[in-house]
Amino acid sequence: MASSKLHLLPLLLAALAAAADAATFTVTNKCPYTVWAAAVPAGGGKQLDSGQTWTINVPAGTTGGRVWARTGCSFDGNGKGHCQTGDCGGVLQCTGYGQPPNTLAEYGLNTPFMGLDFFDISLVDGFNVPMDFLPANGGAGCPKGGPRCDADVTARCPAALQAPGGCNNPCTVFRTDEYCCTGSAANTCGPTDYSRFFKGQCPDAYSYPKDDATSTYSCTGGTDYNVVFCP
């Protein structure tokens, strides 16, 4: 009996460690209008009227995570419908990424690199609402704090990138290697006039796919986070 208990001990310790490193994401809508918050792979989706908050528990080790706001949505009683921006296949409970343009909070928790969390705000899929993505503990264990994108990018969007309810990234519009950092430009792409526009509006955010140096943030594993729409 004692031996079997000893065999279970490492599993118990691993479970406790995983629980300790899980994160709570608090998503708040400060926009003066309703948004339909989306979060994958943890969360799904939820209607948030102005001033409302949604709490998401994200398991340790989650990668490829995204949180975003959908706007101009209409759903029926079965959660089927459509959104003007950020739509995720016509459902309230998202299981896949949203349709551009949408401002993205991206994250990976407890990564293999020293167990750190890495997170960012990305405009690589365009912009639909201002956003802050900040550690909830005031930045302890987070050397740079967190990113903010508080500008009304839609109001200043270049004509070629304008979209209903938002501002597209040039990759979405033109689909060229230069703007998407694909194909012949996969390893050589750099800033463009359009990406410089986005960077000028939101210096903390990704303005094109290779914009890592000024746009990636990190915290120690187990940090909780606040995502605020229209801060």
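Below, the structure is looked at part by part. All figures in this text were calculated on a predicted structure; none of them were measured in a lab. (Residues numbered from 1 in each chain as written. Predicted model: local features only at pLDDT ≥ 70, side-chain atom pairs only at ≥ 80, totals over all residues. Heavy atoms only, no water.)

## A closer look at the overall build of the chain
Along its length, the chain carries four helices and 15 strands. Its C-alpha atoms give the chain a radius of gyration of 19 Å, near enough to 17 Å, the size a compact globule of 231 residues would have. Dimensions of the chain along its principal axes, counting C-alpha atoms only, are 70 × 45 × 35 Å. Here the chain holds 231 residues, and 47% of them are scored as buried. Within the chain, residue pairs in contact and separated by at least 24 positions form 62% of the contacts whose partners lie at least 6 positions apart. Carbon and sulfur atoms make up 56% of the accessible area of the chain, which totals about 10700 Å². Looking at charge distribution, the chain has the averaged site of its 13 positive side-chain charges lying 3 Å from that of its 18 negative ones. (Helix = DSSP H or I, 4+ residues; strand = E, 2+ residues; numbered from the N terminus. Rg over C-alpha atoms; globule rule 2.2 N^0.38 Å. Buried < 20%, exposed > 50% of the residue type's maximum accessible area, 1.4 Å probe, protein only. Contact = heavy atoms within 4.5 Å. Areas by Shrake-Rupley, 256 points an atom, 1.4 Å probe, with all protein chains shown as cover. Lys, Arg positive; Asp, Glu negative; His and termini not counted. Charge placed at Lys NZ, Arg CZ, Asp CG, Glu CD.)

## Topic: the pairing of strand β10 (residues 131-135)
Sheet faces and side chains relate simply in a regular strand, where the side chains alternate between the two faces. Counting buried residues along β10, five of its five residues qualify, which places the element largely inside the surrounding structure. Side chains Met-131, Phe-133 and Pro-135 of β10 all project onto a buried face; the interleaved residues Asp-132 and Leu-134 project onto the opposite face, where all are buried too. Alignment of β10 against strand β11 (residues 148-149), held across two bridges, turns out to be antiparallel. Across the sheet, the residue bridging to Met-131 is Cys-149, located in β11. Relative to strand β15 (residues 225-229), β10 is paired through five bridges, and the arrangement is antiparallel. Counted as the bridge partner of Phe-133 is Val-227 from β15. (Pairing = 2+ DSSP bridges.)

## Considerations on unusual backbone geometry
Note the cis peptide between Val-40 and Pro-41, where omega equals 0°. Within the secondary structure, Pro-41 is located in the loop between β2 (35-40) and β3 (44-48). Here the residue pair Pro-100 and Pro-101 is connected by a cis peptide bond, since its omega of 0° sits within 30 degrees of zero. Among the secondary structure elements, Pro-101 is positioned in the loop between β7 (81-82) and β8 (104-108). Here Met-114, not a glycine, exhibits a phi torsion of approximately 60°, which is positive. Secondary-structure assignment places Met-114 in the loop between β8 and β9 (117-122). In this model, Cys-181 sits at a positive phi of 60°, which is unusual for a non-glycine residue.

## Some words on the sheet that holds β9
In space, the six strands of this open sheet follow the order β3-β2-β5-β8-β9-β14, with antiparallel pairing throughout. Strand pairing shows two members of the sheet lacking a second neighbour, β3 and β14 (217-219), which therefore form its edges. For this sheet, the mean angle separating the axes of adjacent strands, direction not counted, is 20°. (Axes fitted to C-alpha atoms, helices over the stretch in contact; angles between N-to-C directions.)

## Some thoughts on helix α4 (residues 193-201)
Taken residue by residue, α4 has Ser-195, Phe-197, Phe-198 and Lys-199 as its buried positions. Where α4 is buried, its residues touch β13 (166-167) and α2 (170-174).

## Concerning empty space enclosed by the protein
Enumeration according to the criterion identifies one cavity of 30 Å³ or more in this entry. Here the largest cavity is characterised by a volume of approximately 40 Å³. Its residues assigned to classes, the lining of the largest cavity shows three nonpolar, five polar and one charged. (1 Å grid on protein atoms, 1.4 Å probe; cavity = no way out; pocket = protein on both sides within 12 Å on 5 of 7 lines; lining within 4 Å. Points joined across faces, edges and corners; volume = space filled by probe spheres on them. Nonpolar A, V, L, I, M, F, W, Y, C, P; charged D, E, K, R; others polar.)

## Overview of the packing of aromatic side chains
A complete count under the given rule lists 12 aromatic pairs for this structure. Look at Phe-25 and Tyr-107: their rings are 4.6 Å apart centre to centre, the planes differ by 40°, and that puts the pair in the tilted class. Residue Phe-25 is found in strand β1 (residues 23-29), and its partner Tyr-107 is found in strand β8; the two are separated by 82 residues along the sequence. Here Phe-25 and Tyr-107 have matching classes, each one buried. One residue, Arg-66, lies across the ring of Tyr-97, its end atom 3.7 Å from the ring centre. We note Lys-144 situated over the ring of Tyr-217; from NZ or CZ to the ring centre the distance is 4.3 Å. (Phe/Tyr/Trp six-rings, centres within 6.5 Å; stacked < 30°, edge-to-face > 60°. Lys NZ or Arg CZ within 6 Å of the ring centre and 35° of its normal.)

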